[in-house]
Amino acid sequence: MELQGVSHRFVELSGVRLHVTEAGTGEPVVLLHGFPQHWWEWRDVLPALAEHYRVICPDLRGFGQSSAPATGYDRESLLGDLTGLLDALELDRVHLLTHDWSGILGTLLCLRHPERVQDHLMLAIPPLGAKPDAAMFGRALRHGWFNLVLPWPGLGPWALRRTGLAKTMLRGHSVDMPEDLVELFASQFQEPERAVAGSLLYRKFIQPEGMRMMRGEYRAEQLTTPTRVLIGAEDRVVRAGPGSQEIAGASHFLVDDRPDAVVEHALEFFGR
């Protein structure tokens, strides 16, 4: 996993060691990956953005080359990782580009520390204040059944390691992800601690935050950070609605399906 002009380093934070990939100069843009991926998700986006910005792509706690401690997958710890990373890299204010669950984390950063984020481009997840409809619940049960498996202690890690669940997610929610990429992203869960980390993330963060969204707990929040949401037109669960834009030829793994669209929107939105 090498890209020309990209550097790698490790940042030691409280309780975790984060692997960070960087390229380019100028205003900082932080790219946060989704599940079950790592920084390589941005391989087709990073070089284009690095022509205009300083681009920072961390592997989040438990993923890629970052450490996978047995704790720290709750909201406060993950926010602490993110603010700690910004501090360690001396980044006062950044552009933010997120995918999947990291869109929730990024929005929480905007709500808690709006002074740290200039603008936020979210991919493949509705705004936290959006009201889910009954049809989305049905689609989630049909196509996102793994959300009921992954949070369980024992069962979730086992499913990631032994059943190829990550591969099923990647194949079923992308337009046509190449098999070598499916294998690459899924292979990280052959390490037992990463399989446990994936399950813990669902149990401690993804599911609880999803329930908060469904109960409407974020609708009263005053989000002041300029935010744009992109949803793949072929996403099997989420539909573009008020406050979001539809991207043709893309499913949930929008960065892999349409990196050109991601780059186009990022350059236009961040440079507006």
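Just so it is clear, the model here is predicted, and its values are computed rather than measured.

**Student:** Go over the overall build of the protein with me, naming the residues and quoting the values.
**Tutor:** Counting its secondary structure elements, the protein contains 10 helices and eight strands. Against the globule reference of 19 Å for 272 residues, the protein gives a C-alpha radius of gyration of 17 Å, in line with a compact fold. Its C-alpha atoms give the protein principal-axis dimensions of roughly 45 × 40 × 35 Å. Within the protein, the fraction of its 272 residues that count as buried is 55%. Counted over contacts in the protein with a minimum sequence separation of 6, partners at least 24 positions apart contribute 70%. Counting only carbon and sulfur atoms, one obtains 52% of the accessible surface of the protein, whose full area is about 11,400 Å².

**Student:** So what about the packing of aromatic side chains? Which residues, and what values?
**Tutor:** All chains considered together, the criterion is met by nine aromatic pairs. Ring centres of F269 and F270 lie 6.0 Å apart, and the angle between their planes is 40°; on these two criteria the pair is classed as tilted. We note that F269, like F270, is buried. Through pairs of rings, three or more aromatic residues link up here, namely F35, F63, W101, F189, Y202 and F205. Lying across the ring of F10, R17 places its NZ or CZ 4.0 Å from the centre. Positioned over the ring face of Y73 is R61, at 6.0 Å from the centre of the ring.

**Student:** An account of empty space enclosed by the protein is requested, with residue identities and associated values reported.
**Tutor:** Here the structure, examined in full by the defined rule, presents one cavity of 30 Å³ or more. Here the largest cavity defines a volume of roughly 50 Å³. Along the walls of the largest cavity sit L18, L60, R61, L78, D81, L82, L85 and L105, which together make up its complete lining. Top element by residues in the lining of the largest cavity is helix α2 (residues 75-88). It accounts for four residues. A breakdown of the residues in the lining of the largest cavity according to their chemical character gives six nonpolar, no polar and two charged.

**Student:** I'd love a proper account of the pattern of salt bridges, names of residues and values included.
**Tutor:** Counting across every chain of the model gives 18 salt bridges. The shortest N-O distance in the salt bridge between R112 and E76 comes to 2.6 Å. Residue R112 is found in helix α3 (residues 101-112), and its partner E76 is found in helix α2; the two are separated by 36 residues along the sequence. With relative accessibility at 41%, the residue R112 sits in the partly exposed group. Residues joined in a network through salt bridges with shared partners are R75, E76, R112, E209, R212, R215 and E217.

**Student:** Let's hear about the state of the cysteines: which residues, and what values?
**Tutor:** For the structure on display, the rule yields zero disulfides. Left without a disulfide partner, C57 is nearest to the cysteine sulfur of C110, which lies 17 Å away. When its relative accessible area of 0% is taken as the criterion, C57 is described as buried. With a relative accessible area of 2%, C110 lands in the buried category.

Procedures and definitions
Residues numbered from 1 in each chain as written. Predicted model: local features only at pLDDT ≥ 70, side-chain atom pairs only at ≥ 80, totals over all residues. Heavy atoms only, no water. Helix = DSSP H or I, 4+ residues; strand = E, 2+ residues; numbered from the N terminus. Rg over C-alpha atoms; globule rule 2.2 N^0.38 Å. Buried < 20%, exposed > 50% of the residue type's maximum accessible area, 1.4 Å probe, protein only. Contact = heavy atoms within 4.5 Å. Areas by Shrake-Rupley, 256 points an atom, 1.4 Å probe, with all protein chains shown as cover. Phe/Tyr/Trp six-rings, centres within 6.5 Å; stacked < 30°, edge-to-face > 60°. Lys NZ or Arg CZ within 6 Å of the ring centre and 35° of its normal. 1 Å grid on protein atoms, 1.4 Å probe; cavity = no way out; pocket = protein on both sides within 12 Å on 5 of 7 lines; lining within 4 Å. Points joined across faces, edges and corners; volume = space filled by probe spheres on them. Nonpolar A, V, L, I, M, F, W, Y, C, P; charged D, E, K, R; others polar. Salt bridge = Lys/Arg side-chain N within 4 Å of Asp/Glu carboxyl O. Disulfide = S-S within 2.5 Å.

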